[in-house]
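Structure at a glance
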Amino acid sequence: MFSFKSLLDMPRGEALAVALVIIAGMGYSIISLGWLPHMSIITAIVVLVLYGLCRGLKYNDMQSGMIGAVGQGMGAVYLFFFIGLMVSALMMSGAIPTLMYYGFGLISPTYFYFSAFALSSVIGIAIGSSLSTCATVGVAFMGMAAAFHADLAMTAGSVVSGAFFGDKMSPLSDTTGIAASIVGIDLFEHIRNMMYTTVPAWLISAALMLWLLPNVAAHDLNSVDIFRTQLEATGLVHGYALIPFALLVILALLRVNAVVAMLFTVIAGLVVTYFHSSPDLQQLGNWFYGGYKLEGEGFKDIARLVSRGGLESMFFTQTIVILGMSLGGLLFALGVIPALLDAVKSFLTTAGRATASVAATSVGVNFLIGEQYLSILLSGETFKPVYDKLGLHPRNLSRTLEDAGTVINPLVPWSVCGVFISQALGVPVWEYAPYAFFCYLSLILTLIFGWTGLTLSKQ
């Protein structure tokens with residue numbers, strides 16, 4: 001995993017005790033105190049540094065461990081800079097607003113739950129944020145559900161399923177970027193490999209929503225028309241605005257490096273922008289740094305959807321990546337992770353066992369700490385050497401991290417996503433969770449593929 005040697009030959013019992021204390025501390029601070037994960041991670045780093053000093057280690061040696069880990073994760077930091085730029089470009093060019101406009105036109109009141117799932121999937125991919133999708137499109141669907149006399153829990157489950165499909169498969173998503181970078185593979189390679197579990201999970205979820213959930217009687221689609229009218233009034237909706245998206249898909253299929261593909265997408269977005277507006281350089285600079293801002297009266301609901309992107313929006317994710325990698329490097333330098341891996345190495349002898357262990361760890365971190373970023377970071381750091389030893393390609397690991405980490409978080413009532421979504425949609429987690437088919441189907445399929453070896457690739 002890292003190109004340096006552990007500073008301590010830590011006994012397994014001591015390593016387990018240290019790991020449990022750190023996890024319990026972070027879980028308490030995030031769940032009970034409401035801390036952001038950054039504060040929890042930096043506190044854990046301080047505690048571990050003090051522990052290392054008490055064990056006679058030098059701070060410079062421990063710092064070298066942290067720096068070495070961060071150095072291997074700098075690709076993610078650069079990646080997120082370009083994601084921020086690309087989101088701004090896709091917003092100002094009208095690519096994302098146009099995609100949403102056509103998406104809203106596909107809503108079927110008869111197949112309401114499927115419509116909520118499908119449209120949330122499209123919007124989730126377009127904006128790369130599950131929480132933003134739930135807080136905007138999701139809230140709109142909850143209003144429609146009340147008007148249609150539809151089941152609110154089923155509606156919320158459909159929205160959550162679609163939103164996290166989009167979050168998982170979007171190149172604009174921070175969790176997708178983290179999962180790819182933590183194991184050292186290209187972003188689009190990671191997304192392509194996730195299709196083996198994600199596409200079947202989506203199709204099965206769609207079938208369940210079409211055939212298992214009851215139909216909803218057709219009613220007035222007023223709120224949908226309002227959204228479409230507001231989108232059209234922004235002046236951003238144009239057929240040719242989808243060109244940057246099309247270019248991004250083509251470059252991804254051609255296996256072009258993610259950063260290079262994003263760079264060309266940004267350029268295409270700028271060209272399209274100047275077809276329907278003429279922003280000056282000062283305005284462009286502000287949009288690329290602080291995100292595209294939709295201004296004007298009457299755009300309150302739509303502004304929450306399309307005012308996104310920019311370098312500044314990536315700082316939260318970039319800092320958590322740096323801190324998370326630092327924590328992983330410090331745990332390795334102190335000998336905690338090597339000792340724990342050594343304790344289970346006799347068990348981790350097959351791809352199925354490795355997949356199950358990664359999934360269990362990711363799910364466990366989600367339930368213990370309630371943080372999806374940490375479930376990806378900690379599990380990825382811990383099990384990458386196991387996959388290397390088994391001769392499995394790192395993309396198998398990154399896929400499992402998303403299948404068991406990213407999409408499980410909204411099913412945990414005390415998690416960051418669970419708390420936010422339940423408040424935004426007005427439905428408790430335990431009520432919508434049974435209908436969030438996509439989330440647990442992703443976990444089930446990744447475990448099945450892990451044990452059977454289907455779709456697993458060697459190095």
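The rules we used
- Residues numbered from 1 in each chain as written.
- Predicted model: local features only at pLDDT ≥ 70, side-chain atom pairs only at ≥ 80, totals over all residues.
- Heavy atoms only, no water.
- Helix = DSSP H or I, 4+ residues; strand = E, 2+ residues; numbered from the N terminus.
- Rg over C-alpha atoms; globule rule 2.2 N^0.38 Å.
- Buried < 20%, exposed > 50% of the residue type's maximum accessible area, 1.4 Å probe, protein only.
- Contact = heavy atoms within 4.5 Å.
- Lys, Arg positive; Asp, Glu negative; His and termini not counted.
- Charge placed at Lys NZ, Arg CZ, Asp CG, Glu CD.
- Polar contact = N/O pair within 3.5 Å; in protein donor to acceptor, adjacent residues only side chain to side chain.
- Salt bridge = Lys/Arg side-chain N within 4 Å of Asp/Glu carboxyl O.
- Axes fitted to C-alpha atoms, helices over the stretch in contact; angles between N-to-C directions.
- Parallel < 35°, antiparallel > 145°, perpendicular 65-115°, else oblique.
- Left-handed = near helix turned anticlockwise from the far one by under 90°.
- Nonpolar A, V, L, I, M, F, W, Y, C, P; charged D, E, K, R; others polar.
- pLDDT = per-residue confidence, 0-100.

Quick word on the overall build of the chain
Across its full length, the chain holds 23 helices and 0 strands. Computed over C-alpha atoms, the radius of gyration of the chain comes to 22 Å, within 12% of the 23 Å expected from 2.2 N^0.38 for 459 residues, which places it in the range of a compact globule. Dimensions of the chain along its principal axes, counting C-alpha atoms only, are 70 × 50 × 45 Å. Looking at the chain as a whole, 57% of its 459 residues are labelled buried. Taking the contacts inside the chain whose residues are at least 6 apart along the sequence as the reference set, 79% of them involve residues at least 24 apart. If you average the places of the 19 positive and of the 23 negative side-chain charges in the chain, the two averages end up 13 Å apart.

Remarks on the environment of Ile320
Inspection of the secondary structure assignment puts Ile320 in helix H16 (residues 315-333). On a C-alpha basis, the gap between Ile320 and Leu374 in space is 8.9 Å, while along the polypeptide they are 54 residues apart. Apart from the residues lying within four places of it in its own chain, the contact partners of Ile320 are Pro37, His38, Ile41, Glu371, Tyr373 and Leu377.

Brief notes about the environment of Tyr440
One can find Tyr440 in helix H23 (residues 437-452). Look at Tyr440 and you get partly exposed, because its relative accessible area is 28%. Note: C-alpha distance between Tyr440 and Asp403 (37 residues apart in sequence) is 8.4 Å. If sequence neighbours within four positions are ignored, Tyr440 has contacts with Leu411, Ala433, Pro434 and Tyr435. Here the side chain of Tyr440 touches Pro434 through a polar contact of 2.6 Å, landing on its backbone oxygen.

A short note on the side chain of Thr197
Secondary-structure assignment places Thr197 in helix H10 (residues 187-211). The exposure class of Thr197 is buried, given its relative accessible area of 0%.

Observations concerning unusual backbone geometry
In the Ramachandran plot, Thr455 falls in the positive-phi region, its phi being about 65° despite a non-glycine side chain. Mapped onto the elements, Thr455 comes out in the segment after H23.

Side note on the pattern of salt bridges
When the charged atoms of two side chains with opposite charge come close together, those side chains can pair. Under the definition given, this model contains 4 salt bridges. For Glu14, the salt bridge is made with Arg55, and the minimal N-O distance between the two is 2.4 Å. Taken together, the positions of Glu14 in helix H1 (residues 12-31) and Arg55 in the loop between helix H2 (37-54) and helix H3 (59-72) put the pair 41 residues apart, joining distant regions of the chain. Linking Lys384 and Asp388 is a salt bridge whose minimum nitrogen-to-oxygen distance equals 3.5 Å. Of the two residues, Lys384 and Asp388 both sit in helix H19 (residues 372-390), 4 residues apart, roughly one turn of that helix. Overall, Asp388 belongs to the partly exposed group, its relative accessible area being 30%.

Looking at the packing of H2 against H16
Contact pair H2 / H16: the axes reach a minimum separation of 10 Å and the direction vectors enclose 25°. By the angle between their axes, H2 is roughly parallel relative to H16. By crossing handedness, the relation of H2 to H16 is classed as left-handed. Taken together, the residues of H16 that come into contact with H2 (itself represented by Pro37, His38, Ile41, Ile42, Ala44, Ile45, Leu48 and Val49) are Phe316, Thr319, Ile320, Leu323, Gly324, Ser326, Leu327, Leu330 and Leu331. Residues belonging to the contact of H2 with H16 are distributed by class as follows: 13 nonpolar, 4 polar and no charged.

What about the confidence of the model for the chain?
Predicted confidence across the chain gives a mean pLDDT of 85, with 93% of residues reaching 70 or more. For the chain, per-element mean pLDDT is lowest for helix H15 (residues 300-306), which scores 71, and highest for H23, which scores 95.

Considerations on helix H17 (residues 336-344)
Among the residues of H17, Val336, Ile337, Ala339 and Leu341 are the ones counted as buried. On its buried side, H17 packs onto H1, H16 and H19.

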